Amino acid sequence: MREQKSQGLEHSMNNVYDTIIIGAGMSGLAAGIRLAMFDKKVLILEKHTIAGGLNSFYARKGRKLDVGLHAMTNFAKKGERGKPLTKLLKQLRIPYGELALNEQQGSKIIFPDTELSFSNDLNVFTDDVLEKFPEEKDGFMALLEDIRNFNEVSLDNPYESAKERVARMIGDENLREMIFCPLLIYGSAWEDDMDFSQFVIMFKSIFLEGFSRPEGGVRRVISLLMKKYKALGGEVRFRSGVNEIISENSVIKGVKLENGEVITASKVLSSIGYPETVSNLNEKIELDPKVGKLSFTETILCYNKKPKDFGVEDTIVFYNENQKYHYRRPSTLFDEKSAVVCLPNNFEIDDYEDGMIRLTFMANFDLWNDLSPEEYDLEKEKVLTASKDIVRKLYPQMDEEPNFVDIFTPTTIKKFTSHHGGTVYGSTDKSRDGRTPIKGLYIIGTDQGFLGIVGAMLSGISMANLHCLMEGSN
C-alpha cells in the first residue's frame, strides 16, 4: 500500500486537454496521431529530450546508433492485406513506402547440436524443422494450424501457459526449446514461459511475417510519427517528466509535472508501464502489479570491414550453449551462455559505413545496481570480452578487432526509461483492455500486452480507439 499524495489541483494552470499521453515512445506517438486525426486536443509528455522510449537512438563519435531495435518484426510486402503492419499504416494514414523497409537476408537459431534457419518465408523454417525433426512433422503442422486459428488479440483471452499447450502437440523438447528461444527473448515478461496469446503474436511476427529494418533505422520511424503527429496539431513537451497522476474518487483529473505544473484532462494514456503508473498515483488503490525480472546488457561492436567481407550473411542469430534455453534473470551479472547476435549490415540494403555487430545478454538488474563505479567499469569489460568470444565462436573468420565499442547495462535502461528494475518487457500483470481501477486512466504499450515496435503502435491505436474515440467509452 502506498501513502496518499497531495493532489495539488489548486496549482492548476488551466491547461485542459481531452487526453494526456505519458511517454513519447512508439505506443504514445501512435495513440497521439490517432486521437489528433479526430480533432482531439492531445498532449504527449516526455521526460527526455527525444522520442522513442525503449526504441530510440543516439550519436557517439560520429556514429548514429539505434537503441532497442534489432529489427522490426511483422514484415509485410506492399499491398498485403490483413497483416498487422498493413493495419497499422492504414490506421495512421502513413504510406507504406515511407518506411523504406529492407528485408532480412536470413536468421538462425543455434543450439549445441542443432541449427534451424528461418527468413521472411515460412517455408524456409518449416522445411528445416521437418528435415531436422522428421518425427515431429504432424505435431509441427498441428501447431501451425492452431496458431493460424487462434485469436491472439482478443481482450478476453485468459492466461494460458504456452509451453504446456505447445507440449501437447510437439513431443521433442529440443525442438520446443528452439521454437521458444527467439519468441521469449523478443517479448516475454515471464521467465521460461509466456502467455499463449503472446506466443502466437510473437510466432506470427517472427516466423510467419519476419524481420525488416527501416532505411536509416529507428530514426526513420520516430521521425515519421513525430512529423505526422505535429502536422495534425498534436502537442508534445520534452523534459516534462510526470511526478504524479492525479485522480479524485478514483476518477482521473490530470497530472502534475516534476516542475509542479498541473495539467488536466478527462483521459490519460500511460505508456510508462503498469507498476510505474501505479506508483505515480496520488490515490491509494488495491493493486500492486509485479515488476518484471527481465533486463539485458547490449554490446555494440563496429569494424572497419563488414560481415559480408568475411562471408557472413546471417542477419540475426539466437545463440544458446545449453541443451535447454534458460530464459530467466541470471544469478550472475549476465548470462554469457546465450545471446542475441544482430548484424545490422545484413538486411536487403546496408546503409552503415562500418561493419556492426550487436550482442544482447540477459542480465540481473539488482547485481548491476549494487556495483561501485569502479566495479561497474570492470564488469562492463567482462561483458565486452564475452561478446567478442561469441563473435569468434560464430565467425572465426572475423579476426579483426573492433574500431568502436559501446555497452549499456540494466542500470542504463533504468536511467533512460525509469522502468522499475530496468525491465524491458514490463510486468507479468498485463492489462489487456488497458483499464485500471482509476476511471479515465489507461495502460498502453508493453503492459497492455502488444509487443515489438509494430505491436506497441497497434496498442496505442487500439486503446485510443477503444477508450477515447468510441461513443460512450469510459
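As shown above, the structure is provided for reference.
Scope of this entry: the structure provided in the associated data block. On a predicted model such as this, the values are computed, not experimentally measured, just so you know.

**Concerning the overall build of the chain**
Then comes step 1: For the chain, the helix and strand inventory stands at 13 helices and 18 strands.
Then comes step 2: Computed over the C-alpha atoms, the radius of gyration of the chain is 22 Å, within 12% of the 23 Å expected from 2.2 N^0.38 for a compact globule of 474 residues.
Then comes step 3: Looking at the chain as a whole, 59% of its 474 residues qualify as buried.
Then comes step 4: Of the contacts formed within the chain by residues at least 6 apart in sequence, a portion of 74% connects residues at least 24 apart.
Then comes step 5: Surface summary for the chain: the accessible area is close to 19600 Å², and the carbon and sulfur share equals 47%.

**Structural notes on the sheet that holds strand β17 (residues 404-408)**
Then comes step 1: The strand order across the open sheet formed by 7 strands is β7-β6-β14-β15-β16-β13-β17, and the pairing between neighbours is mixed. One side of each edge strand has no neighbouring strand; the edge strands of this open sheet are β7 (115-118) and β17. Between one strand axis and the next, the sheet turns by 15 degrees as a mean value, whatever way the strands run.
Then comes step 2: The strands touched by helix α3 (residues 122-132) within the sheet are β6 (107-110) and β7, with β7 carrying the most contacts at an inclination of about 160 degrees.

**So, the pairing of strand β11 (residues 251-257)**
Then comes step 1: Of all 7 residues making up β11, 5 are buried, and the element is well covered by its neighbours.
Then comes step 2: The pairing of strand β10 (residues 242-248) with β11 spans 6 bridges and is antiparallel. Residue pairing for β11: S247 is matched across the bridge by I252.
Then comes step 3: Inspection of the sheet shows β11 paired to strand β12 (residues 262-270) by 3 bridges, in the antiparallel sense. Residue pairing for β12: V255 is matched across the bridge by I263.
Then comes step 4: Hairpin geometry of β11 and β12 is characterised by an intervening segment of 4 residues between the two adjacent antiparallel strands and by a positive phi of about 95 degrees at G260.

**Looking at the packing of α3 against helix α4 (residues 137-149)**
Then comes step 1: Packing of α3 against α4 leaves a shortest axis separation of 9 Å and a crossing angle of 150 degrees. As far as their axial angle goes, α4 and α3 are roughly antiparallel. The interaxial crossing formed by α3 with α4 has right-handed handedness. Residues L122, F125, T126, V129 and L130 of α3 form the contact with α4, whose own contacting residues are K137, F140, M141, L144 and R148.
Then comes step 2: Looking at the contact of α3 with α4 residue by residue, the class counts come to 7 nonpolar, 1 polar and 2 charged.

**Topic: the nonpolar core**
Then comes step 1: Counting 52 residues, the largest nonpolar core has I109, F125, I179, F199, F207 and F318 as its most contacted members.
Then comes step 2: Looking at this core, the elements with two or more residues in it are β7, α3, α4, α5 (162-167), α6 (173-185), α7 (196-209), β14 (316-320) and β15 (338-342).
Then comes step 3: Ignoring sequence-local partners within four residues, the contact set of I109 consists of T114, E115, L116, F118, F125, M178, C181, P182, F207 and F318.
Then comes step 4: Core analysis: the second largest hydrophobic core is formed by 42 residues, A24, A76, L225 and Y442 among them.

**Overview of the state of the cysteines**
Then comes step 1: For the coordinates displayed, the defined rule picks out 0 disulfides.
Then comes step 2: This cysteine, C181, is not joined by any disulfide, and C342 carries the nearest cysteine sulfur, 14 Å off.

**Details of the pattern of salt bridges**
Then comes step 1: Scanning all chains against the criterion turns up 31 salt bridges.
Then comes step 2: Taking the shortest distance from any N to any O, the salt bridge between E191 and K293 comes out at 3.8 Å. Of the two residues, E191 is situated in the loop between α6 and α7 and K293 in the loop between α9 (274-279) and β13 (295-303); the sequence distance between them amounts to 102 residues.
Then comes step 3: With a closest N to O distance of 2.8 Å, E321 and K393 form a salt bridge.

**What to know about a negative patch on the surface**
Then comes step 1: Taken together, E374, E375, D377 and E381 make up a surface patch of like negative charges.
Then comes step 2: Turning to its location among the elements, E374 is positioned in helix α11 (residues 373-394).
Then comes step 3: Residue class for E374 comes out exposed when judged on its relative accessible area of 56%.

**Some words on the packing of aromatic side chains**
Then comes step 1: Applying the stated rule across the entire model yields 18 aromatic pairs.
Then comes step 2: Aromatic side chains F180 and F199 sit 4.9 Å apart centroid to centroid with 40 degrees between the ring planes, which places their arrangement in the tilted category. Of this pair, F180 sits in helix α6 while F199 sits in helix α7, and the two are 19 residues apart along the sequence. Each member of the pair, F180 as well as F199, carries the same accessibility label: buried.
Then comes step 3: Looking at K41, its charged tip hangs above the ring of Y17, at a distance of 4.7 Å from the centre.
Then comes step 4: Residue placement shows K163 over the ring face of F180; its charged tip is 5.5 Å from the ring centre.

**Quick look at the environment of M178**
Then comes step 1: Take M178: it is sitting in helix α6.
Then comes step 2: Separated by 27 residues in the primary sequence, M178 and N151 have C-alpha atoms spaced 24 Å apart.
Then comes step 3: Those residues in contact with M178 that sit more than four places away from it in its chain are I109, F111, T114, E115, L116 and F133.

Thresholds, definitions, all that
Residues numbered from 1 in each chain as written. Predicted model: local features only at pLDDT ≥ 70, side-chain atom pairs only at ≥ 80, totals over all residues. Heavy atoms only, no water. Helix = DSSP H or I, 4+ residues; strand = E, 2+ residues; numbered from the N terminus. Rg over C-alpha atoms; globule rule 2.2 N^0.38 Å. Buried < 20%, exposed > 50% of the residue type's maximum accessible area, 1.4 Å probe, protein only. Contact = heavy atoms within 4.5 Å. Areas by Shrake-Rupley, 256 points an atom, 1.4 Å probe, with all protein chains shown as cover. Pairing = 2+ DSSP bridges. Axes fitted to C-alpha atoms, helices over the stretch in contact; angles between N-to-C directions. Parallel < 35°, antiparallel > 145°, perpendicular 65-115°, else oblique. Left-handed = near helix turned anticlockwise from the far one by under 90°. Nonpolar A, V, L, I, M, F, W, Y, C, P; charged D, E, K, R; others polar. Core = buried A, V, L, I, M, F, W, Y, C linked by side-chain atoms within 4.5 Å. Disulfide = S-S within 2.5 Å. Salt bridge = Lys/Arg side-chain N within 4 Å of Asp/Glu carboxyl O. Patch = residues over 30% accessible without salt bridge, like charges linked within 9 Å, V, L, I, M, F, W, Y side chains within 5 Å. Lys, Arg positive; Asp, Glu negative; His and termini not counted. Charge placed at Lys NZ, Arg CZ, Asp CG, Glu CD. Phe/Tyr/Trp six-rings, centres within 6.5 Å; stacked < 30°, edge-to-face > 60°. Lys NZ or Arg CZ within 6 Å of the ring centre and 35° of its normal.

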